[in-house]
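# Structural overview for review
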Amino acid sequence: QDPLAGMAMPGWHWMTMGVARLVFNHQGGLSGDEKVESSNWFMGMGQRDLLGGRLTLMAMNSLEPATLHAGGSPLLFQTGETFEGRPLVDHQPPHDFFMNLSATWRRPLGTHGAFWFQAALRGEPALGPTTFMHRASAGENPTAILSHHFQDSTHITDDVLTAGAGGRFVSLEGSAFHGAEPDEGRWDLDPGALESWSARVKVILGGGWSGQASYGFLNEPEALNPGDVKRTTASLHYGERGDRPFAASFVWGRNVESHGTFNGYLLEGAYALTA
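The structure reproduced in this document is the subject of the present report. (Residues numbered from 1 in each chain as written. Predicted model: local features only at pLDDT ≥ 70, side-chain atom pairs only at ≥ 80, totals over all residues. Heavy atoms only, no water.)

## Overview of the side chain of histidine 91
By the secondary structure assignment, histidine 91 is in strand S5 (residues 86-92). Among the polar contacts listed, one links the side chain of histidine 91 to the backbone oxygen of valine 89, at a separation of 3.1 Å. Contact partners of histidine 91, with chain neighbours within four places excluded, come to Asp33, Gly71, Gly72, Ser73, Pro74, Leu75 and Gln78. (Helix = DSSP H or I, 4+ residues; strand = E, 2+ residues; numbered from the N terminus. Polar contact = N/O pair within 3.5 Å; in protein donor to acceptor, adjacent residues only side chain to side chain. Contact = heavy atoms within 4.5 Å.)

Right under this line is the structure:
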């Protein structure tokens with residue numbers, strides 16, 4: 001739900017926000033490493049009324065290609081993506097400079113409903129929960145979760161088209177997108193055909209509880225692991241909107257790949273000491 005949906009915006013309204021952290025990252029053991037690094041992202045958003053609805057333009061960027069090691073941030077047991085033509089293991093790759101470039105048009109439908117369309121050169125299809133960096137239960141975590149590549153790794157996806165509709169308690173969304181993960185060139189876009197798709201249902205359960213279930217077909221997402229991926233996710237959240245001191249999430253994700261079926265489970269929580 002858009003908290004500003006009821007506010008008239010005949011002209012442009014702009015908002016900026018960002019997060020930058022300086023981290024000493026020590027991962028022990030024979031497979032470990034240590035780095036001084038910065039995880040960060042910056043977002044600019046503009047909104048205005050258009051054709052009876054609300055147009056939202058968003059740009060989100062990260063300087064992690066410069067502030068994290070090219071081989072990724074040390075993170076034991078993490079896998080996914082590549083570096084110098086080899087699979088990344090025990091490291092989380094930096095985010096691309098372009099994390100989101102999207103335009104969304106949302107029109108009210110009755111008192112509590114709406115429908116919307118989004119087109120993104122880079123964006124987030126309707127697959128999985130809200131990505132870890134924007135979840136109230138994980139927003140203070142300076143690194144990615146270990147189950148990231150089973151649950152919410154599509155948050156940086158090229159060429160995304162999404163349509164959705166919803167009411168007070170339930171919303172449905174579907175997306176078509178380019179399935180390949182970003183390549184090792186972290187400063188550019190990686191356009192391609194819309195050969196992948198996903199669908200998601202979100203529910204508001206009341207009392208601060210919410211949930212989602214989603215399914216997606218990803219065409220050849222991994223550069224070094226040939227084959228498609230069929231991903232299923234489900235999650236239950238408390239305090240997801242960030243309007244409560246305590247927030248928690250339980251997330252399950254499953255990848256059915258050419259070389260096996262893999263499950264990821266996550267339980268996380270955060271308590272805000274100050275508003």
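## Brief notes about the environment of threonine 16
As for its placement among the helices and strands, threonine 16 is situated in strand S1 (residues 13-27). The class of threonine 16 is exposed, set by a relative accessible area of 68%. Taking the C-alpha atoms as reference points, threonine 16 and methionine 43, 27 residues apart in sequence, are found 5.6 Å from one another. (Buried < 20%, exposed > 50% of the residue type's maximum accessible area, 1.4 Å probe, protein only.)

## A look at the packing of aromatic side chains
Under the counting rule described, the total for this entry stands at 8 aromatic pairs. Geometrically, the ring pair formed by tryptophan 197 and tyrosine 215 is tilted, given 5.6 Å between the ring centres and 50° between the ring planes. Within this pair, whereas tryptophan 197 is found in strand S10 (residues 196-206), its partner tyrosine 215 is found in strand S11 (residues 209-218), the two being separated by 18 residues in sequence. Ring geometry for tyrosine 238 versus phenylalanine 246: centroids 6.3 Å apart, planes at 40°, classification tilted. One aromatic cluster in this structure is built from Phe97, Phe98 and Trp187. (Phe/Tyr/Trp six-rings, centres within 6.5 Å; stacked < 30°, edge-to-face > 60°.)

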